[in-house]
Amino acid sequence: MSISQITGRQFATKFALRPEQFAWFLGAGASASARIPTGYDMITDFKATLFCQGSGTSRREIDPGDPLWRARIDVFLSQQGILPPAGDPAEYARAFEAVYPSVEDRRTYIAQKVQQGVPSFAHRVLASLIVTGKIPCIFTTNFDNLVESATTIARSKVDPAKHKDMTVAAIDSADRAARCVRESDWPLLAKIHGDFQSVDLKNTENELAEPDARMRDVLAACTQRFALVVVGYSGRDASVMKVLTDALEVDGAYPGGIYWMTRSPSGLLPAVRLFLEAAAAKGVSANLLVSETFDELAGDLADVVTFDDALRQHIQEIGPTKIVIPVALPANEARKDPILRCSALRVTQMPTRARRISLKKPVSIVEVRALLKEAKVGGSIAAAGRDFAAFGKDKEFLAALAPFEPTLVGEIALDPEHDSWALGLLYDAFVRAVCRGRPLHPRLRSKGHRVVVAGDRDGEDGARRAKRLKALGPLESAYGEPLYGRTSPSDLPFYEALDLRLEQVGGKWWCVFDAFTHVDLPEMETTHDDEPVRFRVNPAADWLRERWAQRYNRKWTAIIDAWSQLLAGEVRTCWLNDGEGVDAIFHVGSVSAWSRPSHDHAYFHRGGR
């Protein structure tokens, strides 16, 4: 089996059939819309505090939300060796302990943050499911009492003879949780890191290294009884992930599967992906539940789960009140000429089908792509449920994936409007196709693809170089300066480039491009206590600002024109003969999108324009 992706609505439909078979695990992200800081928010706050303490900078002078300030803070802390690298699972615990070494201070900090919380829409839906007996147990790493507060209010909306009373157990009352599991006395809320009022809280690296033994046993026991839904949890706690992973060694674990909610599958921590891959390898249904927020998922659940009228009204009360105010519409005719030019080209044709490949042995998409890269397969592939969808030569895919016994299973329809995997496959194929036969190189990244102009290469013959320079000629004329070279004075390679993306607007697909100058940054290394610390800096930042400072509208128009002509036309990932495979063929228009106001206004005539 492989890891599958499902939408919130698909999960809600499945959940509504047998809700009592699902246990829930809530992390800090589940309380984000309730005004409780997430783990990432707290890490940012701790880092800013440590930076101010170490540099002598006033907290009022910095903005931790600004990417430039965040980069400066990360570089400073890396040089000091105070914290592990950014994104390390231990970052939260180490930062919390560095700022507040005292247990009492950490408890006070948590209590102050928790007091800011107000149960969100998602908490109302969750509480309604709890008091009606549709959720047996919830585990959480959170210290807040939002679930308890929401449940108390929801219980008052239900007939006393029908509602369920929830048992709450923290690490200082874990025996209570064990009794509930032993006697199947549901619903249960188990707070595995403690409650904000608890004497014992788990925050630091040493505290988190080993969960409370009784809570660990309760969690492990529930993994053998229920499917698991994980919401708002990053997987940073190695001890918790160990309990979840160890449970896989017992036959029949997670009956009904695992559903790990994420906003972006590419942003999962390695520990989470390894856990899901291990579950899939054991035959457990492992699913990435793709939803932007807990509130959005709760909305999907509320749409399909049946509640009585009182609870339904209670859930809907928190939504914003719709206010309709009559507004006089402009009656004068709009201007004829465009007001805003957009760097977007119409994609008039996109592939509708791809090759379907089935593998007999389980493997992740990461491993598949690594094999294809090693075999230098010139195609694109994405996980489509249990199978894979691909563009390219069939023989190359079969040869590269031979260890997993691949089989060609016809073709698979592509619906990028509704299937994220299909949009990802088309996006990857489109960027590769745009670069094929053009003086461009693809830079495929998890956070958005880009293309850079092709520079001089060692061993490039004269005819090929002349052809490349001729193709880049209009673009170089539009910029009015070299498209690639070395920065000054940092002497780093640079290339003019685009961020590319596919977007659907007004029922039509567009190639949206953002021009920028790409600089190959070096890997800098420093030491602290003889331990290497790697970080990235941008010594060409001033050079970049000066390069772009004089690019006003007239030059931007020429740049958009030149890029539009370079990108336009038919683009394809590869040339195939009949029966060799499935190619991805796109047609890109040469006229960029324009926007004009729906009515005329004096503002558009200012300054005589």
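Everything numeric here is computed off the predicted structure, so don't read it as measured data.

Caption draft 1: Inspection of the packing of aromatic side chains at higher detail. Taken as a whole and assessed by the stated rule, the structure comprises 18 aromatic pairs. Put simply, the rings of Phe11, Phe15, Phe22, Trp24 and Tyr259 touch in pairs and so form one group of aromatic residues. Here the guanidinium or amino end of Arg551 rests over the ring plane of Trp548, the centre of that ring lying 4.1 Å away.

Caption draft 2: Up close: unusual backbone geometry. Note that the residue after Trp186, namely Pro187, is joined by a cis bond; omega there is 0°. In this structure, the amide linkage connecting Ser488 to the following residue, Pro489, adopts the cis form with an omega of 0°. Positionally, Pro489 belongs in the loop between β16 (484-486) and β17 (493-505). Located in the positive-phi region is Lys376, a residue other than glycine, with phi close to 55°. With respect to the helices and strands, the residue Lys376 is situated in the loop between α15 (365-374) and β11 (380-384). Non-glycine residue Glu405 carries a positive phi angle of around 55°. You can see Glu405 is positioned in the loop between α16 (394-400) and β13 (406-413). Taking relative accessible area as the criterion, Glu405 reaches 36% and is therefore assigned partly exposed.

Caption draft 3: Representation of the environment of Ala98 within the structure. Inspection of the secondary structure puts Ala98 in helix α4 (residues 91-99). The spacing of Ala98 and Leu83 is 15 residues in sequence and 8.5 Å in space, taken between C-alpha atoms. Not counting residues within four places of it along the chain, the set of residues in contact with Ala98 comprises Leu50 and Ile82.

Caption draft 4: Spatial organisation of helix α18 (residues 462-479). For α18, with 18 residues, the first-to-last C-alpha span of 24 Å sits near the 26 Å given by 1.5 Å per residue. Taken together, the buried positions of α18 are Arg468, Leu472, Leu475, Ala478 and Tyr479. The inward-facing, buried residues of α18 contact β15 (449-453), β16, β17, β18 (508-519) and α20 (553-567). The N-cap residue of α18 is Asp461: its side-chain oxygen and the backbone nitrogen of Ala463 are 3.2 Å apart.

Caption draft 5: Spatial organisation of the sheet that holds strand β7 (residues 258-262). In space, the eight strands of this open sheet follow the order β1-β8-β7-β6-β2-β3-β5-β4, with parallel pairing throughout. A strand with exactly one partner marks an edge of an open sheet, and here the two such strands are β1 (4-7) and β4 (167-170). The average undirected angle you get between the axes of adjacent strands in this sheet is 20°. Pairing between strand β3 (residues 137-140) and strand β5 (residues 188-191): four bridges, direction parallel.

Caption draft 6: Spatial organisation of the pattern of salt bridges. Under the counting rule described, the total for this entry stands at 35 salt bridges. The shortest N-O distance in the salt bridge between Glu183 and Arg179 comes to 3.0 Å. One end of the pair, Glu183, and the other, Arg179, are both in helix α8 (residues 174-183), four residues apart, so they sit about a helical turn from each other. The exposure class assigned to Arg179 is partly exposed, which follows from its relative accessible area of 26%. Two residues, Arg572 and Glu570, come together in a salt bridge whose shortest N-O distance is 3.4 Å. The exposure class assigned to Glu570 is partly exposed, which follows from its relative accessible area of 39%. Through salt bridges with shared partners, a single ionic network connects Asp456, Glu460, Arg465 and Arg468.

Caption draft 7: Summary view of the packing of helix α1 (residues 8-17) against helix α13 (residues 294-304). Running from amino to carboxyl end, α1 crosses α13 at an angle of 45°, the nearest separation of the two axes being 8 Å. In terms of their interaxial angle, α1 and α13 are classed as oblique. For α1 against α13, the interelement crossing comes out right-handed. Contact with α1, carried on its side by Gly8, Arg9, Phe11, Ala12, Thr13, Phe15 and Ala16, involves Leu297, Asp300, Leu301, Asp303 and Val304 of α13 and no other residues of that element. In the contact of α1 with α13, the residues fall into seven nonpolar, two polar and three charged.

Calculation rules
- Throughout, a residue's number is its position along its own chain's written sequence, starting from 1.
- Totals for whole chains, interfaces and linings use all residues, but because this is a predicted model, local features are given only for residues with pLDDT of at least 70 and pairs of side-chain atoms are given and counted only at 80 or more.
- The side-chain figures draw on all heavy atoms in the structure; neither hydrogens nor water molecules are used.
- Two rings belonging to Phe, Tyr or Trp (six-membered ring only in the last case) form a pair when the distance between their centres is within 6.5 Å. Interplanar angles under 30 degrees mark stacking, angles over 60 mark edge-to-face geometry, and anything in between is tilted.
- Only when the NZ of Lys or the CZ of Arg is both within 6 Å of the ring centre and within 35 degrees of the ring normal is a charge said to sit over the ring.
- For helices the rule is a DSSP run of H or I covering at least 4 residues; for strands it is a run of E covering at least 2, with both sets numbered from the N terminus onward.
- A 1.4 Å probe rolled over the protein chains alone gives each residue an accessible area, and that area as a share of the maximum for its type sets the label: buried under 20%, exposed over 50%, partly exposed in between.
- The contact rule is simple, with two residues in contact once any of their heavy atoms fall within 4.5 Å.
- One less than the number of residues in a helix, times 1.5 Å, gives the span that helix is expected to have.
- Whenever a nitrogen or oxygen atom comes within 3.5 Å of another N or O atom, the pair is scored as a polar contact, on the condition that within protein one atom can donate a hydrogen and the other can accept it, and that pairs from neighbouring residues in sequence are kept only if both atoms are in side chains.
- Paired strands are those between which DSSP finds at least two bridges.
- Lines fitted to the C-alpha atoms define the axes, with helices restricted to the stretch that makes contact. Angles between their N-to-C directions range from 0 to 180 degrees.
- Any carboxyl oxygen of Asp or Glu within 4 Å of a side-chain nitrogen of Lys or Arg constitutes a salt bridge here.
- Any angle between 65 and 115 degrees counts as roughly perpendicular, while under 35 counts as roughly parallel, over 145 as roughly antiparallel, and the rest as oblique.
- Should the near helix be turned anticlockwise from the far one by less than a right angle, the crossing is left-handed, and should it be turned clockwise, the crossing is right-handed.
- Nonpolar residues are Ala, Val, Leu, Ile, Met, Phe, Trp, Tyr, Cys and Pro. Charged residues are Asp, Glu, Lys and Arg, and all others, Gly as well, are polar.

Keep in mind these numbers describe shape, not what the thing actually does.
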